[in-house]
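# Overview (structure and organization)
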Amino acid sequence: MARYFPKKPAISRFGGLLSLIPLFFCASFPIQAQNTDFAACLDRLQPEAQKAGISASSFRQFTDSIVPDMSILEKLDYQPEFKQPIWDYLAALVDEQRIQEGLQNLRLHKNTLARIQEKYGVDPATVVAVWGVESNFGQTFGKYPLVQALGTLSCYGRRQAFFQKEFFAALRILQSGDITPERLVGSWAGAFGHTQFMPTTFERLAVDFDGDGHRDLMDNTEDALASTANYLAKNGWHSGQPWGFEVKLPDNLSIAGEGRKKKRTLQTWINKGLTDVNGQPLNKLAPTSMQAGLLTPAGVNGPAFLVFKNFDVIYSYNAAESYALAIAHLSDRLKGEGAFKKAWPTDDLGLSRSERITLQKILLQKGHDIGEADGLIGSKTREAIKVEQTRLGLQADGRAGQKILRALRQAN
């Protein structure tokens with residue numbers, strides 16, 4: 001995954017003149033002007049970087065060869081037109097493949113995870129679940145050089161002040177020597193490593209768990225897993241307590257106004273007639289004084305959950321209830337628990353990652369230009385699905401579900 005920063009054009013940030021560009025460079029003037037503008041922005045940022053603890057020599061060393069990656073701005077401004085149902089989201093993140101790989105990693109890192117639990121109080125299954133969802137157990141880190149990506153976002157687009165803080169943090173990480181420049185790659189927005197920390201989060205919460213003198217979330221699994229546990233612990237993880245559990249709602253219960261943030265004692269929920277999903281009393285699962293909110297991601301007709309403080313801690317990692325539920329559910333599956341008991345309110349369930357790849361391979365065989373079969377359902381795949389849905393007499397909504405996969409298999 002190592003990727004070096006591209007070389008900067010001939011104009012230096014420290015004194016070149018645009019008027020000195022030879023005539024044969026005129027065709028690339030827009031790019032050259034763009035790079036010059038970026039260089040000027042970096043010049044303006046250098047004094048602030050120095051105040052933030054980055055020496056002038058380090059700033060030059062790590063920024064002198066970068067040019068802006070303007071493709072990142074498209075991702076910053078992209079508003080997805082396609083919203084996944086919760087059952088699609090979970091089907092891809094908590095599939096049999098990830099469960100089996102998670103179990104393998106629990107066995108492989110058993111001793112390290114035991115030491116991490118002893119120090120931070122976070123159970124191994126939760127730590128490994130975050131690892132699995134964030135980077136597929138270290139298989140997918142992201143491809144963007146962080147200094148280039150965060151430098152671009154510090155000079156262009158929305159939220160420049162936010163990204164400048166992350167940019168300076170990334171430079172301090174390089175200056176400290178914890179990670180080398182060619183290894184500091186990640187997402188376009190700046191998250192990196194086995195469990196995708198932002199640079200400022202790295203500075204606050206990353207730990208050198210193996211004692212080698214470096215906090216390395218890229219190539220050191222021990223540091224990465226321990227840092228994840230430290231993050232959860234510092235955000236309020238309660239050792240030995242559940243994140244929550246699936247419950248059965250009484251027929252007459254109104255869920256209006258209820259949610260993760262509106263906590264009530266477990267006893268209050270018992271008084272309202274809730275039981276566990278099998279109909280057993282809730283006081284067998286947790287103390288009745290514990291505060292829990294009612295989470296119904298698909299309404300009263302889908303699975304319902306009482307969620308405690310630990311669910312909120314998981315939520316803090318990525319500020320999305322669907323994400324937190326995926327982590328929580330995967331952790332339960334890694335502990336040997338089963339799938340949710342109540343079915344999702346749909347006749348077209350989502351696809352696992354292997355099923356998504358199968359669907360894409362069929363679309364490619366039918367001549368659709370969708371790129372490689374990687375299991376990622378983007379706009380090209382959805383447009384191809386619409387074509388096939390229309391051909392097969394199905395509703396042309398572009399959704400990658402069991403119905404279209406089954407229909408295409410039968411047609412083949």
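Keep in mind it's a predicted model, so treat the numbers as computed, not measured.

### Concerning the overall build of the chain
Helix and strand counts for the chain stand at 17 helices and 7 strands. Taken along its principal axes, the extent of the C-alpha atoms in the chain is 80 × 60 × 40 Å. Within the chain, the proportion of its 412 residues that are buried is 49%. Excluding contacts between residues fewer than 6 apart, the proportion of contacts in the chain whose partners are at least 24 apart in sequence is 69%.

### Observations concerning the nonpolar core
Counting residues in hydrophobic clusters, the biggest one holds 84 residues, and the most contacted among them are Leu 42, Phe 167, Leu 171, Phe 192, Phe 202, Trp 243 and Phe 311. The dominant element in this core, judged by the number of residues it contributes, is helix H14 (residues 321-334), at 8 residues. Setting aside its immediate chain neighbours within four residues, Phe 192 contacts Leu 146, Ile 173, Ile 179, Leu 184, Val 185, Gly 186, Phe 197, Met 198, Pro 199, Phe 202, Leu 217 and Met 218. With 15 residues, the next largest nonpolar core counts Phe 245, Leu 266, Ala 292 and Ala 304 among its residues.

### Considerations on the side chain of Gln 360
Structurally, the position occupied by Gln 360 is in helix H15 (residues 353-365). Here the side chain of Gln 360 touches Leu 376 through a polar contact of 3.0 Å, landing on its backbone oxygen. Setting aside residues no more than four positions away along its own chain, Gln 360 makes contact with Ile 370, Glu 372, Ala 373, Asp 374, Gly 375, Leu 376, Ile 377 and Thr 381.

### Describing the packing of aromatic side chains
All chains considered together, the criterion is met by 16 aromatic pairs. Ring plane angle 75° and centroid distance 6.5 Å describe the contact between Phe 59 and Phe 167, whose orientation is recorded as edge-to-face. With Phe 59 in helix H2 (residues 56-63) and Phe 167 in helix H9 (residues 160-176), this residue pair connects regions lying 108 residues apart in the sequence. Here Phe 59 and Phe 167 have matching classes, each one buried. Ring plane angle 85° and centroid distance 5.6 Å describe the contact between Trp 131 and Phe 137, whose orientation is recorded as edge-to-face. The same class applies to Trp 131 and to Phe 137, which are both buried. One aromatic cluster is present, formed by Trp 87, Trp 243, Phe 305, Phe 311, Phe 340 and Trp 344 through successive ring pairs. Above the plane of the ring of Phe 162 lies Arg 159, whose end atom (NZ or CZ) is 4.3 Å from the centre. Arg 260 extends its terminal NZ or CZ atom over the ring of Tyr 315, reaching a point 3.7 Å from the ring centre.

### Brief notes about the sheet that holds strand S7 (residues 304-307)
Taking strand neighbours across the sheet as the criterion, the 5 strands line up as S4-S6-S7-S3-S5 in an open arrangement whose pairing is antiparallel. A single partner strand is all that each edge strand has here, and the edge strands are strand S4 (264-265) and strand S5 (275-276). Across 2 bridges, the pairing between S4 and strand S6 (residues 291-295) is antiparallel. Residue pairing in the sheet places Arg 264 in a bridge with Ala 292 of S6.

### Brief notes about the state of the cysteines
Following the criterion strictly, the structure yields 1 disulfide and no others. Each sulfur in the disulfide pair Cys 41 and Cys 155 lies 2.0 Å from the other. On the sign convention where negative is left-handed, the bridge of Cys 41 and Cys 155, at about -95° about the S-S bond, is left-handed. One end of the pair, Cys 41, is in helix H1 (residues 29-51); the other, Cys 155, is in helix H8 (residues 146-155), with 114 residues separating them in the sequence.

### Some remarks on unusual backbone geometry
Phi is positive for Phe 137, which is not a glycine, with a value near 60°. Summarising the element assignment, Phe 137 is placed in the loop between helix H7 (124-135) and strand S1 (144-145). At Ala 319, a position not held by glycine, the phi torsion is positive, near 50°. Examined against the element boundaries, Ala 319 turns out to sit in the loop between helix H13 (309-318) and H14. Residue classification places Ala 319 among the exposed positions, given a relative accessible area of 54%.

### Quick look at the packing of H7 against helix H11 (residues 221-234)
In a pair of packed helices, the angle between the axes and the distance between the axes together describe the arrangement. At a minimum axis distance of 10 Å, the contact between H7 and H11 shows a crossing angle of 110°. Looking at the two axes, H7 sits roughly perpendicular to H11. Remark: the crossing between H7 and H11 carries right-handed chirality. Here Thr 126, Val 127, Val 130 and Trp 131 of H7 come into contact with H11, specifically with Thr 221, Leu 225, Thr 228, Ala 229 and Leu 232. Considered class by class, the residues forming the contact of H7 with H11 number 6 nonpolar, 3 polar and no charged.

### Concerning the packing of H2 against H9
Orientation of H2 relative to H9, taken along the N-to-C sense of each, is 100°, at an axis distance of 10 Å. Considering the angle they form, H2 stands roughly perpendicular to H9. On H9, the residues touching Ser 58, Phe 59, Phe 62 and Thr 63 of H2 are Phe 167, Leu 171, Leu 174 and Gln 175. Broken down by class, the residue content of the contact of H2 with H9 amounts to 5 nonpolar, 3 polar and no charged.

### Some details on the environment of Asp 178
As for its position among the elements, Asp 178 is in the loop between H9 and strand S2 (185-186). When the C-alpha positions of Asp 178 and Thr 200 are compared, they lie 14 Å apart, and in sequence the two are 22 residues distant. Beyond its immediate sequence surroundings of up to four residues, Asp 178 is in contact with Ile 173, Phe 202, Gly 213, His 214, Arg 215 and Asp 216. Within the structure, the side chain of Asp 178 is placed 3.3 Å from the side chain of Ser 176, a separation counted as a polar contact. A distance of 2.8 Å separates the side chain of Asp 178 from the backbone nitrogen of Arg 215, its partner in a polar contact.

### Here we look at the pattern of salt bridges
Using the criterion set out here, one finds 16 salt bridges in the structure. If you follow the salt bridges from partner to partner, you end up with Arg 260, Lys 263, Asp 312 and Glu 321 in one network.

Each value, and the rule that gives it
Residues numbered from 1 in each chain as written. Predicted model: local features only at pLDDT ≥ 70, side-chain atom pairs only at ≥ 80, totals over all residues. Heavy atoms only, no water. Helix = DSSP H or I, 4+ residues; strand = E, 2+ residues; numbered from the N terminus. Buried < 20%, exposed > 50% of the residue type's maximum accessible area, 1.4 Å probe, protein only. Contact = heavy atoms within 4.5 Å. Core = buried A, V, L, I, M, F, W, Y, C linked by side-chain atoms within 4.5 Å. Polar contact = N/O pair within 3.5 Å; in protein donor to acceptor, adjacent residues only side chain to side chain. Phe/Tyr/Trp six-rings, centres within 6.5 Å; stacked < 30°, edge-to-face > 60°. Lys NZ or Arg CZ within 6 Å of the ring centre and 35° of its normal. Pairing = 2+ DSSP bridges. Disulfide = S-S within 2.5 Å. Axes fitted to C-alpha atoms, helices over the stretch in contact; angles between N-to-C directions. Parallel < 35°, antiparallel > 145°, perpendicular 65-115°, else oblique. Left-handed = near helix turned anticlockwise from the far one by under 90°. Nonpolar A, V, L, I, M, F, W, Y, C, P; charged D, E, K, R; others polar. Salt bridge = Lys/Arg side-chain N within 4 Å of Asp/Glu carboxyl O.

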